[in-house]
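# Inside the fold
Here are the chains, one letter per residue:
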Amino acid sequence: MNLSNKNIIHIKEDGVEYLQFKELLKYSDKIQHCYSLKPLEFSDKNPKSQPNYEKMCDILGMDYTKIIKSTQKHTSIVKDIKEFTKEKFEYVDGFITGAKDIPLVTKYADCTPIILYDKNKNIIGNVHSGWRGTLKRISQNAVELMMKNYDVNPKDIIVCIGPCIKQCHFQVEEDFIYQFRKEFKNIEKYYKIGEILDGKQKFYFDTTSLIIDNLIEIGIKSENIYDSGICSVCNKDNMFSYRAEKEKADRNMNIIMLK
Ligand SMILES: [Zn+2]
C-alpha cells in the first residue's frame, strides 16, 4: 500500500521503501531525512541490521560510519551532539545537533518519532517519544535544549511527527490514565472510554495530540507541526509494530542529518 498523504511521501527506491515529510523536502539543500519501512530492520539486537544502515545511508547520501544512536530506554534525556563521537549512548532517547554530516538515528516499533528543525539557526533534533518519554515531556526537553544551547526561537521550529501507535489502537488501562492525570491538565481530552475486558475498563489514548499540545505550550506554532497521521498498528504490513507483533517486532529507523 502507498502511504503518501498530504504531509508524507512514500518512496520506493532500489527495492527500499521509506517515508519523507513534504515540508522537510522544501529544505533538501540543508537537510536529509527519512523513516524506514519494512522489510529493512534496524534493531540493535538484530545483527542483520548493520548492512541496512549502510544501504539506507547510501540511498540518502549519508556516511553510515558517522551515525549517532542510542540503546533507547524510554527516558526523557536528550543529548546535544556538538561533534562526531564513537560514544555508545544508553538511556538517551533524543539528540539535537547543529553539526553537519552527522546522521541522528532513533528506532521504533509504535513509539512516536519527532523531528525538529530550526530553519533559521539550522539546528535539528530527532526524538523518540515512547509513552514514558511522553509522560516525562521529552519533546519539550528537546526544544528547551535547542533554546538553551543554540538560542533557537521555538516559533522557528518545524516539527514532524512520524508514524506511531494512534488512538485507534493504543488501548490502555486505568493505571496509565492515572499517571498521565497526575502530570497533565485536562487529560480527559486525550482519551476515549473503551470496552470492559476481563473486568477491566479499557481506554484509547491519543499520545499524538498530547505531544502536539505540549509543543504548543512551549512555543511551537501549531501551523509548523506536521503529523504523518499514520498508525503503525493499522499499517503493520509496512512497518514494525510492537502491539501487533509483540517480541518478534523489529525496528524502523528515523534518521535526519544536516548537510
Ligand atoms: Zn491503528
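Here the structure is a predicted model, which is why all the values come from computation and not from measurement. (Residues numbered from 1 in each chain as written. Predicted model: local features only at pLDDT ≥ 70, side-chain atom pairs only at ≥ 80, totals over all residues.)

## Describing the overall build of the protein chain
To keep things clear, this is the line we draw: Only DSSP runs of H or I covering at least 4 residues are called helices, and only runs of E covering at least 2 are called strands; the numbering of each starts at the N terminus. Backbone-placed C-beta atoms define the burial measure: a residue is buried with 20 or more other C-beta atoms within 10 Å of its own, exposed with 12 or fewer, and partly exposed in between. Residues are scored as being in contact if the C-beta atoms we place from backbone atoms lie within 7 Å.
Counting its secondary structure elements, the protein chain contains seven helices and 16 strands. The proportion of buried residues among the 259 residues of the protein chain is 43%. Taking the intrachain contacts of the protein chain between residues at least 6 apart in sequence as the baseline, contacts between residues at least 24 apart amount to 64%.

## A look at the domain arrangement of the protein chain
Selection rule: Note that domain bounds follow an automatic or database assignment of domains. Residues are sorted three ways: Asp, Glu, Lys and Arg are charged, Ala, Val, Leu, Ile, Met, Phe, Trp, Tyr, Cys and Pro are nonpolar, and all the rest, Gly among them, are polar.
Its domain assignment divides the protein chain into domain 1 (8-165 + 207-258) and domain 2 (171-205). Residue-level contacts link four residues of domain 1 with six residues of domain 2. Sort the elements by how many residues they give to the side of domain 1 that touches domain 2 and helix H6 (residues 207-217) lands first, with three residues. By residue class, the composition of the side of domain 1 that touches domain 2 is two nonpolar, two polar and no charged.

## Some words on the nonpolar core
Rules: Take the buried Ala, Val, Leu, Ile, Met, Phe, Trp, Tyr and Cys residues, join any whose C-beta atoms are within 7 Å, and the set you get is a nonpolar core.
Membership of the largest hydrophobic core comes to 64 residues, with the highest contact counts inside it found for Leu104, Leu116, Ala142 and Val159. Non-local contacts of alanine 142, meaning those with residues more than four positions away in its chain, are made with Val78, Gly94, Ile96, Leu116, Gly125 and Val127.

## A word on the pairing of strand E16 (residues 252-258)
Consecutive residues of a regular strand have side chains that alternate between opposite faces of the sheet. Convention followed: In this scheme, strands are said to pair when DSSP sees at least two bridges between them.
When you tally the buried positions in E16, you get six out of seven residues, the bulk of the element. Two elements, strand E3 (residues 31-36) and E16, share five bridges in a ladder whose sense is antiparallel. From the neighbouring strand, glutamine 32 faces E16, where its bridge partner is methionine 257. Sheet analysis places strand E8 (residues 104-108) next to E16, joined by five bridges and oriented antiparallel.

## Observations concerning the packing of helix H4 (residues 138-150) against H6
In plain terms, the rule: For helices, the axis comes from a line fit to the C-alpha atoms of the stretch in contact; other axes are also lines fit to C-alpha atoms, and the angle between any two N-to-C directions lies between 0 and 180 degrees. Any angle from 65 to 115 degrees is called roughly perpendicular, while one under 35 is roughly parallel, one over 145 is roughly antiparallel, and all others are oblique. The handedness criterion is simple: a crossing whose near helix is rotated anticlockwise from the far helix by less than a right angle is left-handed, and one whose near helix is rotated clockwise is right-handed.
One can describe the packing of H4 onto H6 by two numbers: an axis separation of 9 Å at closest approach and a directional angle of 30°. Classified by the angle their axes make, H4 and H6 are roughly parallel. You can see that H4 and H6 cross each other, and the crossing is right-handed. Mapping the contact onto sequence places Ser139, Gln140 and Val143 in H4 and Ile211, Asn214 and Leu215 in H6. For the contact of H4 with H6, a count of residues per class yields three nonpolar, three polar and no charged.

## Digging into the sheet that holds E16
Where strands meet in a sheet, backbone hydrogen bonds hold them as pairs that are either parallel or antiparallel. Taken together, the five strands give an open sheet; going across it, the order is E1-E2-E3-E16-E8, and neighbouring strands pair in antiparallel fashion. The outermost strands of the open sheet, each flanked by one partner alone, are strand E1 (8-13) and E8. Neighbour to neighbour, the strand axes of the sheet diverge by 25° on average, direction disregarded.

## Thoughts on the pairing of E8
The buried fraction of E8 is high, at five of five residues. On E8, burial covers both faces: Leu104, Thr106 and Tyr108 on one face and Val105 and Lys107 on the other are all buried.

## Describing the sheet that holds strand E13 (residues 191-197)
Taken in spatial order, the three strands line up as E12-E14-E13 in an open sheet, and their pairing is antiparallel. Of all the strands in the sheet, the pair left with one neighbour each is strand E12 (171-172) and E13. Of the strand pairs in this sheet, E13 and strand E14 (residues 200-205) are connected by five bridges, and their pairing is antiparallel. Bridge pairing links tyrosine 191 to phenylalanine 205 in E14. Helix H5 (residues 174-183) contacts E12, E13 and E14 of the sheet and is inclined by roughly 50° relative to E14.

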